[in-house]
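Below, each chain spelled out in residue letters.
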Amino acid sequence: MSVAIRELTPELARVAREELNEVPERIPEDLQAFREWIRKQPHLRARTDDQFLVGFLRGCKWSLERAKEKIDCYYTARTIVHEVMSPRDPQLERNLEVLRLGYLVPLPDSEFPHSPRVVLVRYGCYDPMKFSIVDVIRLSVMIGDLMHLEDDRRVCAGELCLFDMENTSMMHFLQVTPMLMKKFAMLTQEAAPVRQKGFHFFNTASGFEVAFGAFRNLMKEKARQRFQVHSNGLDSIVKLVPKRILPKEYGGEGGSVEEILKFWEKKLLDNREYLMSEVNYGVDEEKRPGKNKTVQEIFGAQGSFRKLEID
């Protein structure tokens, strides 16, 4: 039985074997079992192509049971958090405007061929009087969808996020309500089939660490260890990632932010049909075996928190 997935580079193939428990000879059988399970779920409408599904298995360290839970959570989140999932047309002027602001900038290179994908998040780059945090999250999810499909480095080696908080104002923070924070955490962390390697914040304003500490305390210990605030700005960041892979605006040699964004604009437009077809997938709670999953059950009462389960 053959499978339609890309061949990994030798470096990533080693990561897949040693860290993700991948056994190449077993891939066709496991993909077929995964696909057959999805087919038997009356409530679940999911993509079932090989490349898409293998990303879930790798993101779950090749545990079929965890992959089943993850893909159910993935589509449950996308159905419930509908405000972030539409409109997904990359040709819409508002989506293009948000992309060109450069909120999310996946860097073209990593330290080594087997190192995590580094993603730069520039939180303060948008005008909160003109755009909503929902607008930038929507664009970020669209980019993440294409990375899941095409970026073997991110799928196998994971993702390291650098948050540049320069120019962030109180208006930016006021857009992030407790409920939206929980929805975003579920959508991008709990339901995302990607191994998170760290969240590093720099260029933070005075008092940020106090506020951030309150948010951090809501997380499980495993998740808390991945979040770090750097008071020394870029000097601390270049100890995490080599300067050469950073954009030239950050003193690096990895091209300009504008060049990287032009690459992603073309990629989004080239994959317009794929991105927009996501509306065909999701969950139908009326058909879910057992108890339905509701917004109240998953997120609790409006404004109240639960511990964030970030895998």
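Preceding this section is the structure that the text describes.
Residues numbered from 1 in each chain as written. Predicted model: local features only at pLDDT ≥ 70, side-chain atom pairs only at ≥ 80, totals over all residues. Heavy atoms only, no water.

Engineer: I keep staring at the overall build of the protein and nothing clicks. Help me out?
Structural biologist: Looking only at helices and strands, the protein has 16 helices and 7 strands in total. Looking at the 311 residues of the protein, the share that counts as buried comes to 54%. Sequence separation of 24 or more characterises 75% of the internal contacts of the protein that already satisfy a separation of 6 or more. Accessible area for the protein stands at about 14700 Å²; split by element, carbon and sulfur atoms hold 52% of it. (Helix = DSSP H or I, 4+ residues; strand = E, 2+ residues; numbered from the N terminus. Buried < 20%, exposed > 50% of the residue type's maximum accessible area, 1.4 Å probe, protein only. Contact = heavy atoms within 4.5 Å. Areas by Shrake-Rupley, 256 points an atom, 1.4 Å probe, with all protein chains shown as cover.)

Engineer: I tried to follow the packing of aromatic side chains on my own but got confused; where do I start?
Structural biologist: Centre-to-centre distance and the angle between the planes together describe a pair of aromatic rings. Summed over all chains, the structure comprises 15 aromatic pairs. Taken together, a centroid distance of 5.1 Å and an interplanar angle of 85° make the contact between Phe56 and Tyr74 edge-to-face. Here Phe56 is found in helix H3 (residues 50-59), whereas its partner Tyr74 is found in helix H4 (residues 64-80), with 18 residues between them in sequence. By relative accessible area, Phe56 is classed as buried at 0%. Taking relative accessible area as the criterion, Tyr74 reaches 7% and is therefore assigned buried. (Phe/Tyr/Trp six-rings, centres within 6.5 Å; stacked < 30°, edge-to-face > 60°.)

Engineer: Would you explain the packing of helix H2 (residues 27-39) against H4 in this entry?
Structural biologist: The relative placement of two packed helices is expressed as an angle between their axes plus a distance between the axes. The geometry of H2 relative to H4 is characterised by a closest axis approach of 11 Å and an angle of 40° between their N-to-C directions. On the basis of the axis angle, H2 is oblique to H4. Relative to H4, H2 is oriented so that their crossing is right-handed. Across the interface between the two elements, Asp30, Ala33, Phe34, Trp37 and Ile38 from H2 touch Leu64, Ala67, Lys68 and Ile71 from H4. When its residues are assigned to classes, the contact of H2 with H4 shows 7 nonpolar, no polar and 2 charged. (Axes fitted to C-alpha atoms, helices over the stretch in contact; angles between N-to-C directions. Parallel < 35°, antiparallel > 145°, perpendicular 65-115°, else oblique. Left-handed = near helix turned anticlockwise from the far one by under 90°. Nonpolar A, V, L, I, M, F, W, Y, C, P; charged D, E, K, R; others polar.)

Engineer: What should I look at first to understand the sheet that holds strand E5 (residues 196-202) in this one?
Structural biologist: As a general point, the strands of a sheet are linked pairwise by backbone hydrogen bonds and lie either parallel or antiparallel. Across the sheet, 5 strands lie side by side as E2-E3-E4-E5-E6; this open sheet has mixed pairing. Only two strands of the sheet have a single neighbouring strand rather than two, namely strand E2 (104-106) and strand E6 (227-229). Neighbouring strand axes in the sheet, compared pairwise and without regard to direction, differ in orientation by 20° on average. The sheet contact formed by strand E4 (residues 159-164) and E5 spans 6 bridges and is parallel. Its bridge partner being in E5, Cys161 is matched across the sheet by Phe199. (Pairing = 2+ DSSP bridges.)

Engineer: Whenever I open this one, the nonpolar core confuses me. Can you help?
Structural biologist: For soluble globular proteins, the rule of thumb is that nonpolar side chains tend to be buried together. Formed by 75 residues in total, the largest nonpolar core has its most connected members in Phe52, Ile71 and Ile133. Considering each element in turn, this core owes the most residues, 11 residues, to helix H7 (residues 133-150). Apart from residues no more than four positions distant in its own chain, Phe52 is found in contact with Arg47, Ile71, Tyr74, Tyr75, His148, Leu149 and Tyr274. (Core = buried A, V, L, I, M, F, W, Y, C linked by side-chain atoms within 4.5 Å.)

Engineer: Mind showing me how you'd approach the pattern of salt bridges here?
Structural biologist: This structure, assessed with the given rule, holds 28 salt bridges. For the salt bridge of Arg14 with Glu18, the shortest nitrogen-to-oxygen distance reads 3.3 Å. With Arg14 and Glu18 both in helix H1 (residues 10-18), this residue pair falls 4 residues apart, about one helical turn. Arg117 is the partner of Asp151 in a salt bridge, and the nearest nitrogen-oxygen pair spans 2.7 Å. Of this pair, Asp151 sits in the loop between H7 and helix H8 (152-157) while Arg117 sits in strand E3 (residues 117-122), and the two are 34 residues apart along the sequence. Given the relative accessible area of 10%, Arg117 is considered buried. Within the structure, one salt-bridge network assembled from shared partners comprises Arg47, Arg78, Arg88, Asp145 and Glu278. (Salt bridge = Lys/Arg side-chain N within 4 Å of Asp/Glu carboxyl O.)

Engineer: I tried to follow the side chain of Arg122 on my own but got confused; where do I start?
Structural biologist: Along the chain, Arg122 turns up in strand E3. Buried within the structure, Arg122 lacks any salt-bridge partner; its nearest side chain of opposite charge belongs to Asp164, at an N-O separation of 6.1 Å. Among the polar contacts listed, one links the side chain of Arg122 to the backbone oxygen of Gly102, at a separation of 2.9 Å. Beyond its immediate chain neighbours, meaning those up to four positions away, Arg122 contacts Leu101, Gly102, Tyr103, Val105, Asp164, Tyr250 and Val257. (Lys, Arg positive; Asp, Glu negative; His and termini not counted. Polar contact = N/O pair within 3.5 Å; in protein donor to acceptor, adjacent residues only side chain to side chain.)

Engineer: Looking at this model, I keep getting lost on the pairing of E5. Mind explaining?
Structural biologist: If a strand is regular, its side chains alternate between the two faces of the sheet. Burial within E5 is extensive, with 6 of its 7 residues counted as buried. When E5 meets E6, the two strands line up parallel, connected through 3 bridges. Opposite Phe201, over in E6, you have Val229 as the bridge partner.

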